[in-house]
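Structure assessment
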Amino acid sequence: QQQVKQSPQSLIVQKGGISIINCAYENTAFDYFPWYQQFPGKGPALLIAIRPDVSEKKEGRFTISFNKSAKQFSLHIMDSQPGDSATYFCAAETSGSRLTFGEGTQLTVNP
Amino acid sequence: GAVVSQHPSWVICKSGTSVKIECRSLDFQATTMFWYRQFPKQSLMLMATSNEGSKATYEQGVEKDKFLINHASLTLSTLTVTSAHPEDSSFYICSAAWDSYSYEQYFGPGTRLTVT
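Residues numbered from 1 in each chain as written. Chains lettered and ligands numbered in written order. Predicted model: local features only at pLDDT ≥ 70, side-chain atom pairs only at ≥ 80, totals over all residues. Heavy atoms only, no water.

1. A few points about the sheet that holds strand β6 (residues 56–59) of chain A
All names here are of chain A. Strand order in the open sheet formed by five strands is β1-β3-β8-β7-β6, with antiparallel pairing between adjacent strands. Edge positions in the sheet fall to β1 (4–7) and β6, since each of these pairs with one other strand and no more. Adjacent strand axes in the sheet meet at a mean angle of 15°, parallel and antiparallel pairs treated alike. Bridging between β1 and strand β3 (residues 19–25) involves four bridges; their strand directions are antiparallel. Paired with Val4 across the strands is Tyr25, a residue of β3. (Pairing = 2+ DSSP bridges. Helix = DSSP H or I, 4+ residues; strand = E, 2+ residues; numbered from the N terminus. Axes fitted to C-alpha atoms, helices over the stretch in contact; angles between N-to-C directions.)

In structure tokens form, the structure reads like this:
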């Protein structure tokens, strides 16, 4: 019940395209859903996060869509750029608990 | 703000020796710090949670006598890998939070450990 399932495992997108990564969770107690971006040999960096009381959050080219009833959330990267090529992790958390990470998606944006 | 550093960024040690990794919160006081381990092309695996001045809480399957964690101040936590073996080679990442109830964790850049 603590798992967060992430798909796809890898994703290849052309420059300017939309990258979409999906995550699903089971634990309805989760109330914080962050996305992290990780470049090779670096630690993950918080990209954007959402609480379950909103259905969408947008920051620049990055948008989280959240479907509470389906227990799913997704990351959309608009106008994808080669510099966006990285591994993306979704996660979920409740206050005072640990972060539960998805398996990760390796995104490649071709020029 | 919310910068976390790790030292060293990479280390090579011989089998049987011990190595210490430092994690520092540079611009805030971190009551709670976390240590993760990450194998190539895999997700982050939480090893332990430490609160300043308290003993660390280890995740199931993590040997507390092998991975010694000390969180002696609000800005510094250390992970010591004792009697390291090649299978301990991995990418170790720390993160820091204001306190145990904070949602946001700020991650360090990671330390690549290679045991020969």
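2. What to know about the interface of chain B and chain A
With 19 residues of chain B at the contact, the number on the chain A side is 20 residues. In terms of surface lost to chain A, no three residues of chain B exceed Ser43, Tyr103 and Phe107 of chain B, which account for 37% of the buried area on that side. At the surface where chain B touches chain A, the tally comes to one salt bridge. Between Glu59 of chain B and Arg98 of chain A there is a salt bridge whose closest N-O contact spans 2.5 Å. Applying the counting rule to chain B against chain A returns five residue pairs in polar contact (both at pLDDT 80 or more). (Contact = heavy atoms within 4.5 Å. Buried area = accessible area lost by both parts, 1.4 Å probe. Salt bridge = Lys/Arg side-chain N within 4 Å of Asp/Glu carboxyl O. Polar contact = N/O pair within 3.5 Å; in protein donor to acceptor, adjacent residues only side chain to side chain.)

3. Topic: the sheet that holds strand β7 (residues 67–73) of chain B
All names here are of chain B. Read across the open sheet, the four strands follow the order β1-β3-β8-β7; overall the sheet is antiparallel. The open sheet terminates on both sides in strands that have one partner only, identified here as β1 (4–7) and β7. The sheet shows a mean angle of 15° between the axes of neighbouring strands, direction not considered. With five bridges joining them, β7 and strand β8 (residues 76–81) adopt antiparallel strand pairing. Residue pairing across strands places Asn70 opposite Thr78, the latter belonging to β8.

4. Here's the deal with the packing of aromatic side chains
The description of two aromatic rings rests on the distance between their centres and on the angle between their planes. All names here are of chain A. Counting across every chain of the model gives 20 aromatic pairs over all chains. Plain terms: the ring middles of Tyr25 and Phe33 are 4.9 Å apart, the flat faces sit at 45° to each other, and that makes the pair tilted. For Tyr25, a relative accessible area of 4% puts it in the buried group. By relative accessible area, which is 0% here, Phe33 ends up buried. For the ring pair Trp35 and Phe73, a centre distance of 5.7 Å and an interplane angle of 70° mean the geometry is edge-to-face. (Phe/Tyr/Trp six-rings, centres within 6.5 Å; stacked < 30°, edge-to-face > 60°. Buried < 20%, exposed > 50% of the residue type's maximum accessible area, 1.4 Å probe, protein only.)

Function cannot be inferred from these measures alone, as they are strictly geometric.
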